[in-house]
Structure formats: C-alpha cells, structure tokens
Amino acid sequence: MGMTTSGTIYRSGFFAPTSGVFVTPFPYLVNGPYGPLFEKEHWDIKRSDRQVGSSAYWGSATREIADRDTARCLESLELMFRTQTSPSETAAIILEPVLGEGGYVPSPPGYLAGLQALCKKYGLLLIVDEVQTGFGRTGSMFATEWLDNGVVKPDILIMAKGIANGFPLSAIATRSELSATQPPGSMGGTYGGNSVSCAAALAVLDVFENEHILQNVQKSEKIVRESLNHFQDIEIIKEVRGSGLMIGIEFNRPSSAANGWVAKEVSSRCAEKGMIVLACGPYDTIRLIPPLNINENDLREGMKILEESITFVTDKIRLS
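Residues numbered from 1 in each chain as written. Predicted model: local features only at pLDDT ≥ 70, side-chain atom pairs only at ≥ 80, totals over all residues. Heavy atoms only, no water.

Chemist: Talk me through the sheet that holds strand β12 (residues 285-288); I want residue IDs and the actual numbers.
Modeler: With antiparallel pairing, the four strands of this open sheet are ordered in space as β9-β10-β12-β11. Of all strands in the sheet, those with a lone pairing partner are β9 (237-243) and β11 (278-280), marking the two edges. Adjacent strand axes in the sheet meet at a mean angle of 30 degrees, parallel and antiparallel pairs treated alike. Note: strand β10 (residues 246-251) against β12, four bridges, orientation antiparallel. Looking at β12, one finds that Ile249 is bridged to Ile286. In the packing of helix α6 (residues 261-272) onto the sheet, the strands contacted are β10, β11 and β12, and the crossing angle to β12 comes to about 40 degrees. (Pairing = 2+ DSSP bridges. Helix = DSSP H or I, 4+ residues; strand = E, 2+ residues; numbered from the N terminus. Axes fitted to C-alpha atoms, helices over the stretch in contact; angles between N-to-C directions. Contact = heavy atoms within 4.5 Å.)

Quick look at the structure:
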C-alpha cells in the first residue's frame, strides 16, 4: 500500500503505510504547472509515429512543454535525494511507464531515459512495472521497447495480467547477475508456478504468434485514431493520449460539477448502450482498453457508442 498513489480509496483505512517509500512527481503534462500556459487550440502539435488522433502519444502538449515538465520532475527527484532519502540509502526507483490507475498517462520523451541516467549515477536499480502495459497493450510486447526509442533497459521488469489472459499469474524478469544474489527459495510462495496458470501463459504466447496479436493492436490503433479525429471539436474533451489499445480521454469538468462527474456520466451512458468503459485517475478520465484481438466491426461500433455518449453528456451540460 505504501506505493499505491492512484487514489486514496486504495489507501484509506490502512494507515500508516510502509515506511521507506518516497513519492516524486510524474510529468502529467496537461495538469502540470506548464499546462495552463497554452490554450489547446494554440498548441502546435508535432506529429510522431506514436499518436492518438491529431495528438502525440503523450497528449496535447508541445514537445517544448513536455521537455520542460520532464526536466522539472527529474529535478524534483534530485531534490528528494538531497532532502528526504540519500542515494546511499535508496535501493531503487520503481514506476509504471504509462500510469494505469493513475490516469493513463504515458511517460513523455526523455523521462524514462532520465530516470535510467540517475540510477546509473547513484547506483540504484530501475524497476519498471508493466503489469498493465505488458503483453501488447501499447502496441509492442512491452512499452519500454518503444518509449524513448527503446534505449531504457530496466534492471527489473514486472509483468502480470495479460501474461495469462486473466488467470492469476505474475512474473519478475531481471539480469542473471541480480537474480544470482538471491539464495535459492527466497522468491518462493504458496501459489507460485501454478500449473494451470502457466499453461494459460504458454497458450497466450501461441495466440500472440498464430493470431498476429501485435499486428492487430497496431491496426486497431489506427482505427481508434481515425475515429478520435472526429472528436476533436467536442469541447468537453480536454486531451486524448496513449498508444496501442491503451488510450485515455480526459474531460474538462464544469465548475459546478464534482471531480470525476463527466467520466462517470460518459461511462454510464456507454453502459446503457451496452458497452463498459472504466474511469481512472484523479481527474475526469476514461480509458479505452478493448481486447487485443478485437475485430474491426466491434471496434468501430464501440467508437460510435463512445462518440454518441460523449455528445449526449455534452448536450446535457449545455442544458443544465
């Protein structure tokens, strides 16, 4: 619980959290200190290979804004090393390359590489949690394969969820020189290596290869982008961000509404029309996470329901 910061719902009632865990700012660009500097329509979007609609994978911010906020967050981490926990007493830096429950916020360019540089500088381990992003969710087997052009090599990689398509299984990957420092049996557990879950994981790898799952994710992402281009003029949409089939849509919240109200309203309308959409993060964000093997007809129908639902809520706000 000490590392869970996506929402207080997961921490309330468990005080006090584990000591020795320190939280540092993540470059959540649209809600960071530089976000308000530019109106959305004035942002000069520089296109890249990883886009959602007309935005780059990190969202609506310019590369200049992304670089400034990335530098701010890396400087905050350095400050933490000088004021809260010295590098000599720090074991590792751990993060999700794309915040999941935290709002579907991808690491902007240079952030992961900057963290890796700090880890090398101070002799720390870089632990990357790809429980949500792993196994094709962002268009590659792992997000670290393409973020910062794949130059970041985690010391430890954590994976679960997609690894066995819903069966309870997780895995930790690391370099042999690190794993060799652990005595035999030190990573054991009652439920480790469940044979049914392991069989499911092997089947998942077969499906990835035989059914060309990664290619389908990349194809589906293009369809999502195409559909999202029609959303650009809907004024309650604040930002669209993400990659592959891990897309976040954040909304502008009316001043009279409670935080999270818009996402809840859109999700409810989608449910009424037969589609489940989940909210996430501390602001008004919904996440698009269809099955990796979704077909084109179902995907287009889902995007049609989503557009209608967002339009419905927009009209509801106008009439209120």
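Chemist: Quick one: what's the story with the sheet that holds strand β3 (residues 92-95), residue by residue and with numbers?
Modeler: Read across the open sheet, the four strands follow the order β3-β6-β7-β8; overall the sheet is mixed. Among the strands making up the open sheet, the edge pair consists of β3 and β8 (171-174). Across this sheet, the average inter-strand angle for adjacent strands is 15 degrees, counted without regard to direction. In the packing of helix α2 (residues 111-122) onto the sheet, contacts are made with β3 and β6 (125-129), and the angle to β3 comes to roughly 165 degrees.

Chemist: Quick rundown of the side chain of Ser267? Include the residues and the values.
Modeler: Looking at the secondary structure, you find Ser267 in helix α6. Among all residues touching Ser267, those that are not within four sequence positions of it are Val277, Leu278, Ala279 and Ile286.

Chemist: Before we move on, could you go through the pairing of β3 and cite the residues and values that matter?
Modeler: A one-sided burial pattern is seen for β3, the buried positions being Ile93 and Leu95 and the unburied ones Ala92 and Ile94. Pairing geometry for β3 and β6, over four bridges, is parallel. What sits directly across from Ile94, in β6, is Ile127. (Buried < 20%, exposed > 50% of the residue type's maximum accessible area, 1.4 Å probe, protein only.)

Chemist: Can you explain helix α4 (residues 195-210)? Please cite residues and give values.
Modeler: Over its 16 residues, α4 runs 22 Å from end to end, which matches the ideal 22 Å to within 8%, given 1.5 Å per residue. Contact partners of the buried residues in α4: α5 (213-228). One side-chain oxygen at the N-terminal end of α4 lies 3.0 Å from the backbone nitrogen of Val196; it belongs to Asn194. Phi turns positive, to about 55 degrees, at His212, one or two residues after α4. (Expected span 1.5 Å × (residues − 1). Polar contact = N/O pair within 3.5 Å; in protein donor to acceptor, adjacent residues only side chain to side chain.)

Chemist: Which residues make up the packing of helix α1 (residues 63-83) against α2, and what values go with them?
Modeler: Between α1 and α2, the shortest axis-to-axis distance is 10 Å and the interhelical angle comes to 25 degrees. With respect to their mutual orientation, α1 and α2 come out roughly parallel. Considering only the axes of α1 and α2, their crossing is right-handed. Residues Thr70, Cys73, Leu74, Leu77, Glu78 and Phe81 of α1 form the contact with α2, whose own contacting residues are Tyr111, Gly114, Leu115, Leu118, Lys121 and Tyr122. For the contact of α1 with α2, the class distribution of residues is eight nonpolar, two polar and two charged. (Parallel < 35°, antiparallel > 145°, perpendicular 65-115°, else oblique. Left-handed = near helix turned anticlockwise from the far one by under 90°. Nonpolar A, V, L, I, M, F, W, Y, C, P; charged D, E, K, R; others polar.)

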